[in-house]
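Here is what each chain is made of, one letter per residue.
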Amino acid sequence: MLASLYHPADSWLHRMDARVKLALMACGLILIFVTGNVWLMALMVAVGQGVLVSAHIAHDRIRGIWRAIGITVVLVFVLWVLFYPGEGPAFFSWWHIHLTWAGLARGAAIALRLAAVALVLFAWLFTTSETHLTLSLHWLGLPYVWCLTLAMALRYVPTMAELFRMTEEAQQARGLDLARLGPLARARAYVPITVAMLISALRTATNLAHALDARALGAVPHRTWLHRLHMRGVDWCWLLGGLAITAIWLTLRYRLGWGAAPLRLWA
């Protein structure tokens, strides 16, 4: 069972301070959303993939990311190309479909943007433990209970997914054949599976609430900490470097128009 999104390893990204990773993730998302060029977006996806590999993330987990977002990425590209043909002469026209190179590039950039966002978020989640994630969010000023709730929610996402899979396999062992069912019949067949999973999720939430009450969560206004975050010199370098790259790129983007056009690198 995949117990947690966090993948323990000894890599440069795991050793980085959680607050720095949070800041770099924010910088990465800013760069992704302000960039509309398909070539730069493909470069960002390649960089995100390289970060996961360099952080010693298991290849099964990386493939799992692409399996989870692959269909959505393709659908976003196809729908964008069909409904937003873009400017310029069409190299293919049929009925209401008009394909242009600018439309294809814009659709590819939007689809790759979705993949880049997923890679950035999972690079943060895979390399940050629940404890450090909670401490980094609390350092921003969020209440500790909110941070703990978010960390526990992320902690139980893979657990609930595995529970759904186990319930589905148990139903299939009892004679449920999903392969021969149509879309509507399959949706109806998933109802008892979903109900069983929800009951298990409610039981898990109740047990978790009792455990937190038994540990008197929130009874003491001033907490003590077993783990603390410490900034190293290399963390400051990563932080300043990320902020500098973000500032430079925002200047180039909005003053000179770099990365705005879908095909050209600069206006």
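All values reported here derive from a predicted model rather than from experimental measurement.

Caption draft 1: A look at a nonpolar patch on the surface. Together, Ile 71, Val 74, Leu 75, Val 78, Leu 79, Leu 82, Phe 83 and Tyr 84 make up an exposed nonpolar region whose accessible area comes to about 800 Å². Here Val 78 is to be found in helix α4 (residues 59–83). Using a relative accessible area of 36% as the deciding quantity, one classes Val 78 as partly exposed.

Caption draft 2: Representation of the layout of surface pockets. Empty space within the largest pocket amounts to approximately 880 Å³. Lining the largest pocket we find 31 residues, and of these Leu 24, Gly 28, Leu 31, Val 47 and Val 51 sit closest to its centre. Listing elements by their share of the lining of the largest pocket, those giving two or more residues are α1 (12–15), α2 (18–34), α3 (38–54), α5 (101–127) and α9 (233–255). Of all the elements, α9 adds the most residues to the lining of the largest pocket, at nine residues. Here the lining of the largest pocket is built from residues that sort into 24 nonpolar, six polar and one charged.

Caption draft 3: Main features of the packing of aromatic side chains. Inspection of the entire model under this criterion finds two aromatic pairs. With a centroid separation of 5.1 Å and 25° between ring planes, the pair formed by Trp 12 and Trp 238 is classed as stacked. One end of the pair, Trp 12, is in helix α1; the other, Trp 238, is in helix α9, with 226 residues separating them in the sequence. Taking relative accessible area as the criterion, Trp 238 reaches 38% and is therefore assigned partly exposed. Its end group placed over the ring of Trp 139, Arg 19 keeps NZ or CZ at 5.4 Å from the ring centre. Stacked on the ring of Tyr 254, the Lys or Arg Arg 253 has its end atom at 4.9 Å from the ring centre.

Caption draft 4: Spatial organisation of empty space enclosed by the protein. Scanning the model with the defined rule gives one cavity of 30 Å³ or more in all. Of the pockets and cavities examined, the largest cavity occupies roughly 60 Å³. Contributing to the lining of the largest cavity are Ser 4, Leu 5, Tyr 6, Leu 125, Thr 128, Glu 130, Leu 133, Ala 151, Leu 154 and Arg 155. For the lining of the largest cavity, the secondary structure elements donating two or more residues are α6 (130–139) and α7 (144–173). Ranked by residue count, the leading element in the lining of the largest cavity is α7, at three residues. Taken together, the residues of the lining of the largest cavity sort by class into six nonpolar, two polar and two charged.

Caption draft 5: Examining the state of the cysteines more closely. According to the stated counting rule, one finds zero disulfides in the structure shown. Cys 27 takes part in no disulfide bond, and the closest cysteine sulfur, belonging to Cys 237, lies 15 Å away.

Caption draft 6: Main features of unusual backbone geometry. At His 56, a position not held by glycine, the phi torsion is positive, near 60°. Relative to the assigned elements, His 56 resides in the loop between α3 and α4.

Caption draft 7: The arrangement of the environment of Thr 127 in detail. In this fold, Thr 127 is placed in helix α5. The exposure class of Thr 127 is buried, given its relative accessible area of 2%. For the pair Thr 127 and Asp 60, spaced 67 residues apart in sequence, the C-alpha separation works out to 15 Å. Contacts of Thr 127, omitting those with residues within four sequence positions, involve Tyr 6, Leu 13, His 14, Lys 21, Ala 55 and Ile 57. In terms of polar contacts, Thr 127 uses its side chain to reach the backbone carbonyl oxygen of Ala 123, at 2.6 Å.

Caption draft 8: Inspection of the pattern of salt bridges at higher detail. In this structure the tally under the stated criterion is five salt bridges. A salt bridge links Asp 10 to Arg 15; the shortest N-O distance between them is 2.6 Å. Residue classification places Arg 15 among the partly exposed residues on the basis of a relative accessible area of 42%. Between Arg 63 and Asp 60 there is a salt bridge, with its nearest N and O atoms 2.2 Å apart. Here the residue Arg 63 and the residue Asp 60 both occupy positions in helix α4, the gap between them amounting to three residues, near one helical turn. Under the relative-accessibility criterion, Arg 63 is labelled partly exposed at 45%.

About the cut-offs
Residues numbered from 1 in each chain as written. Predicted model: local features only at pLDDT ≥ 70, side-chain atom pairs only at ≥ 80, totals over all residues. Heavy atoms only, no water. Patch = residues over 30% accessible without salt bridge, like charges linked within 9 Å, V, L, I, M, F, W, Y side chains within 5 Å. Areas by Shrake-Rupley, 256 points an atom, 1.4 Å probe, with all protein chains shown as cover. Salt bridge = Lys/Arg side-chain N within 4 Å of Asp/Glu carboxyl O. Helix = DSSP H or I, 4+ residues; strand = E, 2+ residues; numbered from the N terminus. Buried < 20%, exposed > 50% of the residue type's maximum accessible area, 1.4 Å probe, protein only. 1 Å grid on protein atoms, 1.4 Å probe; cavity = no way out; pocket = protein on both sides within 12 Å on 5 of 7 lines; lining within 4 Å. Points joined across faces, edges and corners; volume = space filled by probe spheres on them. Nonpolar A, V, L, I, M, F, W, Y, C, P; charged D, E, K, R; others polar. Phe/Tyr/Trp six-rings, centres within 6.5 Å; stacked < 30°, edge-to-face > 60°. Lys NZ or Arg CZ within 6 Å of the ring centre and 35° of its normal. Disulfide = S-S within 2.5 Å. Contact = heavy atoms within 4.5 Å. Polar contact = N/O pair within 3.5 Å; in protein donor to acceptor, adjacent residues only side chain to side chain.

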